[in-house]
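Notes for the structure review
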Amino acid sequence: MARLEQLVKSFVELFEEYADGDGNLNKEELKKLFEKEIECPEMKAKICAADCKKIMKRDRDRDGEINFKEFSRCMCFIANCYYRKKTGRGEECDNE
């Protein structure tokens, strides 16, 4: 399987695994996902420092849970932060 296909497949499967079949991640499920699926201590520290409260701001429909679309936005934000740090382009993501 091509890398991009594998990335998308893994992304969807990761969400489904932690969403426990209901199609949404609550605050505890999201926290568990980040704790178990992020190995880099620096990245984990930044995400934990941001707290799920900040991440839950991406809960656009304000139902207290993150659906797949909201999760995708959150992961894009994290990927963008990682890219900025890696390339030195743009500002850090601490204030977003």
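What this report covers is the structure whose coordinates are included nearby. In this text, all values refer to a predicted model and were calculated from it rather than measured experimentally.

Attention now goes to the packing of helix α1 (residues 3-18) against helix α4 (residues 68-87). Axis separation between α1 and α4 bottoms out at 11 Å; the angle between their running directions is 120 degrees. One element, α1, and the other, α4, form an angle in the oblique class. Taken as a pair, α1 and α4 cross one another with a handedness that is right-handed. Mapping the contact onto sequence places F11, V12, L14 and F15 in α1 and F68, F71, S72 and M75 in α4.

A few words now on the side chain of N24. Inspection of the secondary structure assignment puts N24 in strand β1 (residues 24-25). Of the polar contacts made by the side chain of N24, one reaches the side chain of E65; its length is 3.5 Å. If near-sequence neighbours (up to four positions away) are discounted, N24 is found in contact with F15, A19, E29, E65, I66 and N67.

Once that is clear, we can look at helix α2 (residues 27-37). Every buried residue belonging to α2 is among E29, L30, L33 and F34, and all of these are buried. All buried residues of α2 fall inside an arc of 135 degrees around its axis, so they share one side. Turned more than 90 degrees away from the buried face of α2 sit E28 and K36, all of them exposed.

Looking now at the packing of aromatic side chains. Counted by the stated rule, this structure contains four aromatic pairs. Ring geometry for F15 against F68: centres 5.2 Å apart, planes inclined by 75 degrees, an arrangement best described as edge-to-face. With F15 in helix α1 and F68 in helix α4, the pair connects residues that are 53 residues apart, well separated along the chain. Exposure remark for F15: the relative accessible area of 5% places this residue in the buried category. For F68, a relative accessible area of 32% puts it in the partly exposed group. Both rings, one in F15 and one in F71, keep their centres 5.2 Å apart while their planes meet at 45 degrees; by these two values the pair is tilted. Of this pair, F15 sits in helix α1 while F71 is found in helix α4, placing the two residues 56 residues apart along the sequence. Taken individually, F15 and F71 each receive the classification buried, so the pair is uniform in this respect.

Definitions and cut-offs
- Residues numbered from 1 in each chain as written.
- Predicted model: local features only at pLDDT ≥ 70, side-chain atom pairs only at ≥ 80, totals over all residues.
- Heavy atoms only, no water.
- Axes fitted to C-alpha atoms, helices over the stretch in contact; angles between N-to-C directions.
- Helix = DSSP H or I, 4+ residues; strand = E, 2+ residues; numbered from the N terminus.
- Parallel < 35°, antiparallel > 145°, perpendicular 65-115°, else oblique.
- Left-handed = near helix turned anticlockwise from the far one by under 90°.
- Contact = heavy atoms within 4.5 Å.
- Polar contact = N/O pair within 3.5 Å; in protein donor to acceptor, adjacent residues only side chain to side chain.
- Buried < 20%, exposed > 50% of the residue type's maximum accessible area, 1.4 Å probe, protein only.
- Arc of directions from axis to C-beta.
- Phe/Tyr/Trp six-rings, centres within 6.5 Å; stacked < 30°, edge-to-face > 60°.

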